[in-house]
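# Coordinates in review
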Amino acid sequence: MRFDAAVELLGEMPFFDLATVVQLAEEPHPSVVNQLHRWSRAGKLVPLRRGMYTLVERYRRVPVSPAALANALYSPSYISGPWALAFCGLIPEGVAVYTSVTTRTPRRFHNPFGAFRYTAIKRSFFFGYRTVSIAGADVVLATAEKALLDLFHLSGGEWDRPRMVEMRFQQTGVVDRRRLEAYAQRMGKPRILRAVQVWRECSDAPEEGVDL
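So, a few notes on the structure that sits alongside this text.

Thresholds applied
Position labels on residues start from 1 in each chain and follow its written sequence. Residue-level local features of this predicted model are given only where pLDDT is at least 70; pairs of side-chain atoms are given and counted only at 80 or more, and the full residue set underlies all totals for whole chains, interfaces and linings. To get the side-chain values, take all heavy atoms of the structure and skip hydrogens and water. Helix and strand assignments come from DSSP, with helices taken as H or I runs of at least 4 residues and strands as E runs of at least 2, each series counted from the N terminus. Relative accessibility decides the category of a residue: with a 1.4 Å probe and only protein chains considered, values under 20% of the type maximum give buried, values over 50% give exposed, and everything between is partly exposed. The protein chains shown are the only cover counted for residues, whose accessible areas, like all others here, come from Shrake-Rupley with a 1.4 Å probe. Charge assignment: positive for Lys and Arg, negative for Asp and Glu; neither His nor the chain ends contribute. Charge placement uses NZ in Lys and CZ in Arg. For Asp and Glu, CG and CD serve respectively. Paired strands, as defined in this entry, are two strands with at least two bridges between them according to DSSP. Contacts were defined at the residue level, with two residues in contact if any of their heavy atoms lie within 4.5 Å. A fitted line through C-alpha atoms serves as each axis, taken over the contacting stretch for helices, and the angle formed by two N-to-C directions is quoted from 0 to 180°. Pairing of aromatic side chains requires ring centres within 6.5 Å, counting the rings of Phe and Tyr and the six-membered ring of Trp. Pairs whose planes differ by under 30 degrees are stacked, by over 60 edge-to-face, and all others tilted. Look at NZ for Lys and CZ for Arg. If either is within 6 Å of the ring centre and within 35 degrees of the ring normal, a charge sits over the ring. N or O atoms within 3.5 Å of each other form a polar contact, as long as, within protein, one can give a hydrogen and the other can take it, and as long as residues adjacent in sequence are counted only when both atoms are side-chain atoms.

### Some remarks on the overall build of the chain
In terms of helices and strands, the chain carries nine helices and nine strands. A principal-axis box enclosing the C-alpha atoms of the chain has dimensions of 65 × 35 × 25 Å. Counting across all 212 residues of the chain, residues that qualify as buried make up 49%. Accessible surface for the chain amounts to roughly 10700 Å². Of this, 50% is attributable to carbon and sulfur atoms. Across the chain, the mean location of the 28 positive side-chain charges is 8 Å away from that of the 21 negative side-chain charges.

Now the structure itself:
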């Protein structure tokens with residue numbers, strides 16, 4: 001396949017994997033692999049992880065959404081934890097790493113579009129997410145309640161009041177307390193249930209000068 005033909009096939013895709021190119025090109029798998037490696041070395045493709053690429057910007061007709069890329073790099077997964085909390089406005093600082101949860105082995109990826117971290121959770125805990133539009137792209141993201149619970153679950157140790165206050169939670173009204181409680185009960189871990197109780201107490205009676 002010539003590169004100009006590849007641009008015609010792939011230029012409307014923000015990113016693509018090897019299987020997609022093989023299907024669209026209708027060429028043998030080894031031939032496509034060699035072409036992709038050659039185009040990457042020539043600076044025409046950007047490798048995102050093994051077997052996944054995007055065209056460099058001058059050939060690509062659509063932008064790459066790093067949040068949507070986080071979903072695609074490693075699936076099944078959804079963005080949760082610190083990045084989702086920052087997106088919901090629950091914590092004040094932006095988060096540089098796209099933090100996701102998955103039912104698979106934990107992984108990390110780094111590419112020109114960001115740093116991506118995937119933490120493993122049980123299949124029974126893989127719920128509480130929805131699809132939202134971020135910068136024009138569909139992104140699978142935890143609800144505010146599940147992002148909070150995933151943080152409690154995946155961070156070791158007890159969530160006592162000093163630790164909760166140190167997080168500087170803000171805009172806590174975005175959290176549906178009934179849903180938070182229902183999700184926590186569904187997860188069924190005493191440490192998470194205790195953390196939810198502390199979070200609610202801190203939200204109801206914040207310390208002076210703290211936006212919790």
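### A few points about the sheet that holds strand S3 (residues 52-55)
Spatial ordering of the open sheet is given by S1-S3-S2, a layout of three strands whose pairing is antiparallel. Only two strands of the sheet have a single neighbouring strand rather than two, namely strand S1 (16-17) and strand S2 (45-49). Where S2 lies against S3, four bridges are found, and the strand directions are antiparallel. In the sheet register, arginine 49 faces S3, and the bridge partner there is methionine 52. The strands that helix H3 (residues 29-41) touches are S2 and S3; relative to S2, the one it contacts most, it runs at about 110°.

### Brief notes about the pairing of strand S8 (residues 129-134)
A regular strand places its side chains so that they alternate between the two faces of the sheet. Alignment of S8 against strand S9 (residues 137-142), held across six bridges, turns out to be antiparallel. For isoleucine 134, the partnering residue across the bridge sits in S9 and is alanine 137. Between S8 and S9, which follow one another and run antiparallel, lie two residues, and alanine 135 among them has a positive phi close to 55°.

### Comments concerning the packing of aromatic side chains
What characterises a pair of aromatic rings is the spacing of the ring centres plus the angle enclosed by the ring planes. Per the stated rule, a full pass over the model turns up 13 aromatic pairs. Measuring from centroid to centroid gives 5.2 Å for phenylalanine 3 and tryptophan 39, while their planes differ by 70°, and the two rings are edge-to-face. Of this pair, phenylalanine 3 sits in helix H1 (residues 3-10) while tryptophan 39 is found in helix H3, placing the two residues 36 residues apart along the sequence. Take tryptophan 39: its relative accessible area is 6%, and that puts it in the buried class. Chaining the aromatic ring pairs together yields one cluster made of Trp83, Phe87, Tyr98 and Phe116. The ring of phenylalanine 3 carries lysine 44 above its face, with NZ or CZ at 4.7 Å from the centroid. The positively charged end of arginine 163 is found above the aromatic ring belonging to tryptophan 159, 4.0 Å away from the centroid.

### Overview of the side chain of threonine 143
Tracing the chain through its elements places threonine 143 in the loop between S9 and helix H6 (144-154). Given a relative accessible area of 9%, threonine 143 falls into the buried group. Ignoring anything within four residues of it in the chain, the contact list for threonine 143 reads Gly128, Tyr129, Arg130 and Tyr183.

### What about the side chain of threonine 99?
Relative to the assigned elements, threonine 99 resides in strand S5 (residues 97-102). Its relative accessible area of 5% is what places threonine 99 among the buried residues. Here the side chain of threonine 99 touches serine 80 through a polar contact of 2.7 Å, landing on its backbone oxygen. Not counting chain neighbours up to four residues away, the residues in contact with threonine 99 comprise Ile79, Ser80, Gly81, Pro82, Trp83 and Arg117.

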